[in-house]
Amino acid sequence: MILWLTIAQIVIAVAAGIFCLVAGLIGRRPSDFSVGALALVEVLLIVQVVVAIVAPLTGNPPTGDLLEYWVYLVSAVLLPVGAVLWALMERSRWSTVILGVAALAIAVMLWRMQVIWSVQIA
C-alpha cells in the first residue's frame, strides 16, 4: 500500500512541479490548480504519516535508516505547507517557480522514503 501511495504522490508532485515551473517561467501567477495540487500532495503525506506510524505495529518495519526516513517525511510535510502559504501571500510568477521547485523536491524525497521503507539500494 505504501508503494502505491508513494507512486501517486510522486506522479502528482512531478506533474504539479512541471506545470508550476513552466507557468512561472512564462510569467504566470500561481493558479488554483497548482496550489491545489500541492495541497493534495500534503493530504497524501498526512496519510503516509499515519501509515508510517501504524505499519511497524502490524509487523512491517522499515528496512532502512529510520532517522533518515523521518527527516524526509517531516521535510516533505513542511515544505508544501510553506510553499503554498508563500504562493498564496505573494501571488507572483516567482511564487509559481517556488511551488514547482518544492513539488519536484518532494518527489525526490518521497522516492527516497520508499527506498528506505522497502529495500536499501544505495
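Parameters and conventions
Counting starts from 1 at the beginning of each chain's written sequence and moves along it residue by residue. With the structure being a predicted model, the display of local features is reserved for residues of pLDDT at least 70 and the display and counting of side-chain atom pairs for 80 or more, all residues being used for whole-chain, interface and lining totals. Neither water nor hydrogens contribute to the side-chain values; these are computed over all heavy atoms in the structure. Only runs of H or I of at least four residues qualify as helices and only runs of E of at least two qualify as strands under DSSP, and these elements are numbered from the N terminus. Our radius of gyration is a C-alpha quantity, and the globule rule it is checked against amounts to 2.2 Å times the number of residues to the power 0.38. Each residue is placed in one exposure class: buried if its accessible area under a 1.4 Å probe, protein chains only, is under 20% of its type's maximum, exposed if it is over 50%, and partly exposed if it falls in between. Working rule for contacts: check all heavy atoms of both residues, and any pair within 4.5 Å makes them a contact. Think of it this way: Lys and Arg go in the positive column, Asp and Glu in the negative one, and His and the chain ends go nowhere. Charge positions are represented by NZ for Lys, CZ for Arg, CG for Asp and CD for Glu. The term nonpolar core refers to a set of buried residues drawn from Ala, Val, Leu, Ile, Met, Phe, Trp, Tyr and Cys, joined through side-chain atoms within 4.5 Å. Candidate patch residues must exceed 30% relative accessible area and have no salt bridge, after which like charges are joined if within 9 Å and Val, Leu, Ile, Met, Phe, Trp or Tyr side chains if within 5 Å. The Shrake-Rupley method, run with a 1.4 Å probe, gives the accessible areas here. Residue values count only the displayed protein chains as cover. We count a salt bridge whenever a side-chain nitrogen from Lys or Arg sits within 4 Å of a carboxyl oxygen from Asp or Glu. Every angle, taken between N-to-C directions, lies between 0 and 180 degrees, and every axis is a line fitted to C-alpha atoms, over only the stretch in contact when it is a helix. Any angle that is under 35 degrees is reported as roughly parallel, and any over 145 degrees as roughly antiparallel; angles of 65 to 115 degrees are reported as roughly perpendicular and all others as oblique. Whether a crossing is left-handed or right-handed is set by the direction in which the near helix is turned from the far one by less than a right angle, anticlockwise for left-handed and clockwise for right-handed. Throughout, the ten residues Ala, Val, Leu, Ile, Met, Phe, Trp, Tyr, Cys and Pro are labelled nonpolar, Asp, Glu, Lys and Arg are labelled charged, and all others, Gly among them, are labelled polar. Multiplying one less than the number of residues by 1.5 Å gives the expected span of a helix.

**Q** Please explain the overall build of the protein chain as it appears in this structure.
**A** The helix and strand inventory of the protein chain stands at 4 helices and 0 strands. Each helix and strand of the protein chain, placed in order from N terminus to C terminus, yields the pattern α-α-α-α. Its C-alpha atoms give the protein chain a radius of gyration of 15 Å, within 12% of the compact-globule value 14 Å for 122 residues. With the principal axes as the frame, the protein chain shows a C-alpha extent of 50 × 25 × 20 Å. Looking at the protein chain as a whole, 41% of its 122 residues are labelled buried. Restricting the contact set of the protein chain to residue pairs at least 6 apart, pairs at least 24 apart contribute 85%. Across the protein chain, the mean location of the 5 positive side-chain charges is 14 Å away from that of the 5 negative side-chain charges.

**Q** Quick question: what am I supposed to make of the nonpolar core here?
**A** Most often, soluble globular proteins keep nonpolar side chains buried together rather than apart. With 28 residues, the main nonpolar core has L38, L45, Y69, L73, L99, I106 and L110 as its most contacted residues. For this core, the secondary-structure elements that each account for two or more residues are α1 (2-25), α2 (32-54), α3 (66-90) and α4 (93-118). The dominant element in this core, judged by the number of residues it contributes, is α4, at 10 residues.

**Q** Please clarify how a nonpolar patch on the surface should be interpreted in this entry.
**A** Residues L3, W4, I7 and V11 make up a contiguous nonpolar surface patch of roughly 410 Å² in combined accessible area. Judged by its relative accessible area of 36%, L3 is partly exposed.

**Q** Would you mind showing me how to read the packing of α2 against α4 here?
**A** Packed helix pairs are specified by the crossing angle of their axes together with the interaxial distance, meaning the distance between the axes. Two numbers describe how α2 lies on α4: the axes approach to 11 Å, and their chain directions differ by 20°. The angle between the axes of α2 and α4 places the two elements in the roughly parallel class. The element α2 and its partner α4 pack so that their crossing is left-handed. The residues of α4 that touch α2, namely those facing S34, V35, L38, V41, L45, Q48 and A52, are L99, A103, I106, L110, M113 and W117. The residue makeup of the contact of α2 with α4, split by class, is 11 nonpolar, 2 polar and no charged.

**Q** Can you help me understand α3 in this one?
**A** A turn of α-helix holds 3.6 residues, and therefore any two residues three or four places apart point the same way. Helix length check: α3, at 25 residues, gives a terminal C-alpha distance of 36 Å against a target of 36 Å (1.5 Å per residue), a fit within 8%. A positive phi of about 50° marks R91, the residue just after α3.

**Q** How should I be thinking about the packing of α2 against α3 in this particular structure?
**A** For the pair α2 and α3, interaxial distance at closest approach is 10 Å and the crossing angle is 155°. In terms of orientation, α2 lies roughly antiparallel with respect to α3. For the pair α2 and α3, the crossing hand works out as left-handed. Contacts between α2 and α3 involve V35, L38, A39, E42, L45, Q48, V49, A52 and I53 from the first element and Y69, W70, L73, A76, V77, P80, V81, A83, V84 and L88 from the second. Class assignment for the residues of the contact of α2 with α3 results in 17 nonpolar, 1 polar and 1 charged.

**Q** Even after reading the chapter, I still don't get the environment of Q114, so can you show me in this structure?
**A** As for its placement among the helices and strands, Q114 is situated in helix α4. Owing to a relative accessible area of 7%, Q114 belongs among the buried residues under this scheme. Note: C-alpha distance between Q114 and A13 (101 residues apart in sequence) is 15 Å.

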